[in-house]
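Fold and geometry: a report
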Amino acid sequence: MKIDVYLPILLSLLLAAVGPVVGRRVAPALAARVLTASAVFTAAATTWSLLLLAVTLVDRAPPVVADARADGHRLPDPVPETVAVAAALALVLIAVRVYRTARAERLTRRALRSLCAGHPPDTELIVAASPVPQAFAIPGSGGAPGRILVTSAMLSALEPAERRVLLAHERTHLRHRHALLVTAVTLASAADPLLAPVRATVAFLVERWADEQAADVVGDRSTTARALARAALSAGRRAPACALHFTDRAVSRRIAALQVAPPPHLWPLAATTLALGALPALGAADATSDLLHLLTHLLM
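Here is a short report on the structure shown in this document.

Sheet faces and side chains relate simply in a regular strand, where the side chains alternate between the two faces. Counting buried positions over the five residues of strand S3 (residues 147-151) gives five, a clear majority of the element. Judged from the four bridges that link them, strand S1 (residues 125-128) and S3 form a sheet pairing that is parallel. Its bridge partner lying in S3, Ala128 is registered against Thr151. Examined bridge by bridge, strand S2 (residues 135-138) and S3 share four bridges and lie antiparallel to one another. Opposite Ala137, over in S3, you have Ile148 as the bridge partner.

Let us look at helix H6 (residues 160-175). For H6, which comprises 16 residues, the first-to-last C-alpha distance of 22 Å matches the rise-based estimate of 22 Å (1.5 Å per residue) to within 8%. Phi turns positive one or two residues past the end of H6, at Arg177, with a value near 50°.

Take the environment of Leu7 next. Its location among the elements puts Leu7 in helix H1 (residues 7-25). Between the C-alpha atoms of Leu7 and Leu282, which are 275 residues apart in sequence, the distance is 9.0 Å.

Okay, the environment of Leu11 next. Residue placement: Leu11 occurs in helix H1. Here Leu11 is in contact with Leu276, Leu279 and Pro280, once residues within four sequence places are set aside.

Moving on to the pattern of salt bridges. According to the stated counting rule, one finds seven salt bridges in the structure shown. Residues Arg208 and Glu212 are paired through a salt bridge, measuring 2.9 Å at the closest nitrogen-oxygen approach. Placement of both Arg208 and Glu212 in helix H8 (residues 196-218) is noted, with a separation of four residues, approximately one turn of the helix. There is no split in this pair, since Arg208 and Glu212 are both buried. Residues joined in a network through salt bridges with shared partners are Glu162, Arg226 and Arg230.

Parameters and conventions
- Residues numbered from 1 in each chain as written.
- Predicted model: local features only at pLDDT ≥ 70, side-chain atom pairs only at ≥ 80, totals over all residues.
- Heavy atoms only, no water.
- Buried < 20%, exposed > 50% of the residue type's maximum accessible area, 1.4 Å probe, protein only.
- Helix = DSSP H or I, 4+ residues; strand = E, 2+ residues; numbered from the N terminus.
- Pairing = 2+ DSSP bridges.
- Expected span 1.5 Å × (residues − 1).
- Contact = heavy atoms within 4.5 Å.
- Salt bridge = Lys/Arg side-chain N within 4 Å of Asp/Glu carboxyl O.

See the structure below:
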């Protein structure tokens, strides 16, 4: 347990370093899925490891110490007490961060869905009269379909072919449930702050994914890049953080990516990254086995 319990934390650092590399070299759709799964596995394993470290404080509780001394047992010392206390405090911080993140996501989505109030349930595209050029996808909930909200200013800023790009982009967000990926990696980074670079990479990748799908739909990468550029130049304030916005996430990098061929899938690199995300779970499982052995020793 002295080594295995720290493995998820060390691998969080490694995943944070590898994530941006995977995002640049692997096709966006594959990279976004792999990095999200790896981040979720790693965050869960890291949280469990912290729990294991905190549980070692049990053998320092007065009743446990008294019983062990009465039975003539020498209590083992799996980790320093300061480490165990720090782990317990970290767990409290994680609980607060995850709660606040989940609450913010829920409130933002509720506010976004309120924008669709009064429209028929089967309405996909909602055009809002506004002088601020905006367009974003609003995820569905409770069986309700997702919506695309576009302002009149955004539509007037784009050419007809560019409007097709915009709609194809937002439909990709809805069809592939990109909001779920972003929410999952956001909660993972709330539980494990070391994964913040992975969250930023996944948020960028879902936009790149939608860009590539839009380029396939219109059959012209140049038109897609031009639509992004025109929308970015005319866009006003940012959309709500939970929304998937057409002009968010490093538009200049997205435009540059559309000027060249799409990246390959590179399955070996993707598989290696996924394996990296699974390794923390193995380390946490081994540490759990060691802790169970320790508890058995205390009870004997």
